[in-house]
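# Examining the three-dimensional arrangement
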Amino acid sequence: MTDAFRHASLLSIAALNRLEAERILDRAQALWRDDFPRGEALRDRVVFNLFLEPSTRTRASFEMAAKRLGADVINVSDSGASTEKGESLIDTAATLDALRGDVIVLRSAAAGAAVAVDRAVRASVVNAGDGAHAHPTQALLDALTLLNRRGRVEGLRVAIIGDLAHSRVARSNVVLLHMLGAQVRVAAPPTLLPRDIESWGASVHADAAAAAADCDAVMTLRVQTERLSGPVFPSVREYAHFFQLTRAVMTRAKPGALVMHPGPMNRGVEIAPDLADDLEVSVISQQVSSGLAVRMAVLELVAEAAGGWDHPPARGSRARP
Ligand code: NCD
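Just so it is clear, the model here is predicted, and its values are computed rather than measured.

## Regarding the site of the ligand
Residues in close proximity to the ligand include Arg 57, Thr 58, Arg 107, His 135, Gln 138, Arg 168, Val 169, Arg 222, Gln 224, Pro 262, Gly 263 and Pro 264, which together make up its full environment. Between the ligand and the protein, one listed contact pairs an oxygen atom with a side-chain N or O atom of Gln 224 at 2.8 Å. Take Gly 263: an N or O atom from its main chain is 2.8 Å from a nitrogen atom of the ligand. Residue assignment for the shell around the ligand shows that the elements contributing at least two residues are α2 (57–68) and α6 (168–179).

In structure tokens form, the structure reads like this:
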């Protein structure tokens, strides 16, 4: 029998060890194989989707995942929420807690928001992206996509190209890929390389083609314009020349190497449209369906660890409001 999953919240990949990450991936893979079966694991539980930044796939897949597991799902977004009236995020989260929310799925523009909310509430918190900090379910769904397409993550060589400085997707992916035994290569314009890139443990390359060399998968990222205060490269044309993922770039990778993008895509900027649409190699849509499986698995496991409002809090310190 496997040990119980002990995390009542999922805030970052760094909070997991390899066995725990694999536990989520095993469960997600089973759900994916069974075509996301409807279940009862979250019956009588309330999931609040608190999305304070734009999102299509993450938000829709969390909502769908919670519904498939039988939860009551309530969507709260920035427009129309009391945060627009100046209420603090913590007060908004406390309100959802007072309504006996079992899980708060949080997307916020502020790095550290998920940790802060988790400290303040009794509910489980699942980080659906906090500023440039972390996006754990994205990294897990990318790993699931690699597992499903390549049968393993261990020993794979993966390139990540684009706006690494402002990307929570890149940060979470690098941690998880390393944890699972993959090698990571990166490329970005100097203005979009994080200051602490040395500590990432990834090899840094001058352009997309150099990073893609001999890779099993190449992931390209959107330039996070919402987090930029000014121009970071001379022109889109110049950016595309060095960093766009194209067929020519992919000829440097292993034959049949996978093309990945977390979405939303800016076609013609970080990815060539014909490559994005080439279903022989592009797994972009599969990443989205992997997301449903991963989010079902995460919700199931954290809800089980938390025990629900009818059970003593798994985390001891939290009092009911
Ligand atoms: C990413 C995000 O929001 O961090 N998208 C996603 O969750 N699928 C990447 C992005 O916005 O570029």
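Now that the structure has been shown, the text picks up again.
## Looking at the pattern of salt bridges
Under the criterion given, the structure shown has 16 salt bridges. The salt bridge involving Glu 53 is made with Arg 107; its shortest N-O contact spans 3.9 Å. Separated by 54 residues along the polypeptide, Glu 53 in the loop between β1 (46–51) and α2 and Arg 107 in strand β3 (residues 103–108) bring together distant segments of the chain. Like Arg 107, Glu 53 is buried. The salt bridge involving Glu 63 is made with Lys 67; its shortest N-O contact spans 2.7 Å.

## Thoughts on the side chain of Asp 130
Relative to the assigned elements, Asp 130 resides in strand β4 (residues 124–130). Buried within the structure, Asp 130 lacks any salt-bridge partner; its nearest side chain of opposite charge belongs to Arg 168, at an N-O separation of 6.2 Å. In this structure the side chain of Asp 130 is engaged in a polar contact, spanning 3.0 Å, whose partner is the backbone nitrogen of Ala 134. In contact with Asp 130, not counting residues within four places along its chain, are Ser 108, Ala 110, Ala 111, Gly 112, Ala 113, Ala 114 and Arg 168.

## A look at the packing of helix α5 (residues 136–150) against helix α11 (residues 284–306)
Closest axis-to-axis distance for the α5/α11 pair is 8 Å, and the angle between their directions is 115°. Of the two possible hands of crossing, α5 and α11 adopt the one that is right-handed. Counting all contacts with α5, which are made through Thr 137, Gln 138, Leu 140, Leu 141, Asp 142, Leu 144, Thr 145, Asn 148 and Arg 149, the residues of α11 involved are Gln 286, Gln 287, Ser 290, Gly 291, Ala 293, Val 294, Arg 295 and Val 298. Residue classes in the contact of α5 with α11 are distributed as 6 nonpolar, 8 polar and 3 charged.

Cut-offs applied
Residues numbered from 1 in each chain as written. Predicted model: local features only at pLDDT ≥ 70, side-chain atom pairs only at ≥ 80, totals over all residues. Heavy atoms only, no water. Near = heavy atom within 4 Å. Polar contact = N/O pair within 3.5 Å; in protein donor to acceptor, adjacent residues only side chain to side chain. Helix = DSSP H or I, 4+ residues; strand = E, 2+ residues; numbered from the N terminus. Salt bridge = Lys/Arg side-chain N within 4 Å of Asp/Glu carboxyl O. Buried < 20%, exposed > 50% of the residue type's maximum accessible area, 1.4 Å probe, protein only. Lys, Arg positive; Asp, Glu negative; His and termini not counted. Contact = heavy atoms within 4.5 Å. Axes fitted to C-alpha atoms, helices over the stretch in contact; angles between N-to-C directions. Left-handed = near helix turned anticlockwise from the far one by under 90°. Nonpolar A, V, L, I, M, F, W, Y, C, P; charged D, E, K, R; others polar.

Don't take any of this as a statement about function, it's just geometry.
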